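Commentary on secondary and tertiary structure
Each chain is listed here by its residues.
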Amino acid sequence: MKNSDFSDQYDVNFSRRDNRKKDYGDTSSIVVIGASHAGISFVDKVRKNGFMGSLTLIDRQKGGPMQRPPLSKDFLLETSETPNSKYLLKTSKWYKDEKVILHTDVTVSKINLRKKSLTFSNGKNLDYDKLVLATGAAPRMLHAAQGIANVFVLRQPDQAMAIRKIAHSARNAIIIGGGYIGLEIAATFRQIGLEVSVVEVADRLLARVASPPVAELLAGLHQERGVVLYTGTGVEEVFQNNGLFSGVKLTDGTNLVGDILVVGIGVTPDSDLALQAGIETETTAGGAVLVDEYQLTSDLDVFAIGDVAFQRGSPLRLESIHNAQESGARAAAAIMGKPLPAVQAPWFWSDQYDANLQSVGIVPMGDRNVYQVIRGEFPEKRASFWSYRDKKLLAVEAVRDGASFMLGKKCLEENISPNPSLISDLEFDPMAWILKNSA
Ligand SMILES: Cc1cc2nc3c(=O)[nH]c(=O)nc-3n(C[C@H](O)[C@H](O)[C@H](O)COP(=O)(O)OP(=O)(O)OC[C@H]3O[C@@H](n4cnc5c(N)ncnc54)[C@H](O)[C@@H]3O)c2cc1C
């Protein structure tokens, strides 16, 4: 099946929504802006919770909604002109079976809270009873690199298509930003055969998201495979030749020549629609839409889920598939008046070369009282990094070590902290200990 089959079948006329309502014998309608991980999880769960009314998913991307994690990994290795349908989030049959109306290639430009109505960039309107904002986040671009050909950010499938088109004939790649996205792209580019330089302004990789030993382990992996890392230095100037990217000058004076530049310096919640409508946002969380534990915004008929949302009182805004799915499930339960699903410890994964990292909990950054206990064969093989403050377990980051990830997840969800002095002892059996202590 081609990805374009979706727009052919499902970019239906807006009046179809009313026909659907009759099918259900239920007059209420839920509209979701954003058909990605959060929006689709919500739709799936709200149907499972028994919602019989009209469900409409809207996205400005073309074609069937696709998974995001492969975009920095396997997706970039492929060379075909069209994306492989194995990356679709759902098949066309699923939308049909679940009676979900999918409008792609359509941008919502305005929300009118008083009239409970949306306006599209083509001037059409659509009313809702409940609205779910699942608009995600937008990648930041380096100001100096704007408008130059062969300079990219990566968030959406069309951006990944544009990157892979250039990457397979390029020689030297420069990646600005040593976070997870930048490092995953670096690993994939090395597999394609490019020379790769990664530039990170902080004094180490993953400075906002991983503990120092995990960053050290991953830096070693990249260096062994030939990636040149520049840390503690930023970009002073971006060079172009007749509008085509040609290299950068770093603030430490280094000149790098390149024919493709990927900027991975973080994202900003895509909350403009909410802000313009007068929905409360949180400046300290990058302008994310502020929600309560039901994912409800300051407007009683509008929910926000996934990367665009920030739950009041949280230590930080989460950006992960798990959060997209969990927040979607919470909003779906809340709308249907069902009990909220049990809260799980936040987790995400990253794949670089042969190393799979799974991280659960939140590693506080820049906290001198937080330390890591290493369990396993660091740095070569499988290892897990248990972050503690005093004797309280806060997070577990596991590299090639799914068992330790599961143990850490169980500990965090049951609020139990194995003694840090036992963790590094490979004779110690954490599972037996957990079973004994959680009984
Ligand atoms: C390359 C990449 C790799 C990743 N890898 C991992 C990983 O390995 N593990 C992990 O846990 N997480 C990973 N993530 C993060 C994860 O994909 C995100 O947390 C997740 O996609 C968030 O889902 P979302 O639905 O909230 O937002 P998004 O996926 O950003 O989707 C938002 C959607 O809303 C649409 N939209 C926005 N505004 C409008 C509008 N006005 N009108 C119409 N449509 C609109 C957008 O087109 C978009 O499709 C990765 C992300 C990227 C980009």
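The following refers to the structure shown. (Residues numbered from 1 in each chain as written. Predicted model: local features only at pLDDT ≥ 70, side-chain atom pairs only at ≥ 80, totals over all residues. Heavy atoms only, no water.)

A few words on the nonpolar core. In this structure, Ile163, Ile175, Phe189, Val196, Val198, Leu206 and Ile260 are the most contacted members of the largest nonpolar core, which totals 43 residues. Not counting chain neighbours up to four residues away, the residues in contact with Phe189 comprise Leu76, Ile163, Ala167, Ala173, Ile175, Leu194, Val196, Ile260 and Val262. (Core = buried A, V, L, I, M, F, W, Y, C linked by side-chain atoms within 4.5 Å. Buried < 20%, exposed > 50% of the residue type's maximum accessible area, 1.4 Å probe, protein only. Contact = heavy atoms within 4.5 Å.)

With that settled, the discussion passes to the sheet that holds strand β14 (residues 244-250). Pairing in this open sheet of 3 strands is antiparallel, and the strands run β13-β14-β15 from one edge to the other. Every other strand in the sheet has two partners, leaving β13 (235-241) and β15 (255-257) as the edge strands with one partner each. Taking the axes of each pair of neighbouring strands and ignoring which way they run, one obtains an average angle of 25° across the sheet. Here 6 bridges tie β13 to β14, and the two strands are oriented antiparallel to one another. The partner of Phe239 across the bridge, within β14, is Gly247. (Pairing = 2+ DSSP bridges. Helix = DSSP H or I, 4+ residues; strand = E, 2+ residues; numbered from the N terminus. Axes fitted to C-alpha atoms, helices over the stretch in contact; angles between N-to-C directions.)

A separate point is the site of the ligand. Around the ligand sit 36 residues, and of these Ser36, Asp59, Arg68, Lys73 and Arg155 come closest. Here an oxygen atom of the ligand and a backbone polar atom of His37 are 3.4 Å apart. In isolation the ligand has 1,000 Å² of accessible area, and contact with the protein removes 96% of it. Elements with a contribution of two residues or more to the shell around the ligand: α3 (37-48), α7 (180-192), α10 (321-335) and β22 (347-352). Split into classes, the residues belonging to the shell around the ligand amount to 16 nonpolar, 11 polar and 9 charged. (Near = heavy atom within 4 Å. Polar contact = N/O pair within 3.5 Å; in protein donor to acceptor, adjacent residues only side chain to side chain. Areas by Shrake-Rupley, 256 points an atom, 1.4 Å probe, with all protein chains shown as cover. Nonpolar A, V, L, I, M, F, W, Y, C, P; charged D, E, K, R; others polar.)

What follows concerns the pattern of salt bridges. Scanning all chains against the criterion turns up 19 salt bridges. For Glu78, the salt bridge identified is with Arg164, shortest N-O distance 3.8 Å. Placement of Glu78 in the loop between α4 (74-77) and α5 (92-97) and of Arg164 in helix α6 (residues 157-167) is noted, with a sequence separation of 86 residues between them. We note that Glu78, like Arg164, is buried. Salt-bridge contacts for Glu224 lead to Arg225; the nearest nitrogen and oxygen are separated by 3.5 Å. Glu224 sits in the exposed class, given a relative accessible area of 64%. Of the residues examined, Arg225 reaches a relative accessible area of 28% and is grouped as partly exposed. Through salt bridges with shared partners, a single network forms among Glu224, Arg225, Asp354 and Arg400. (Salt bridge = Lys/Arg side-chain N within 4 Å of Asp/Glu carboxyl O.)

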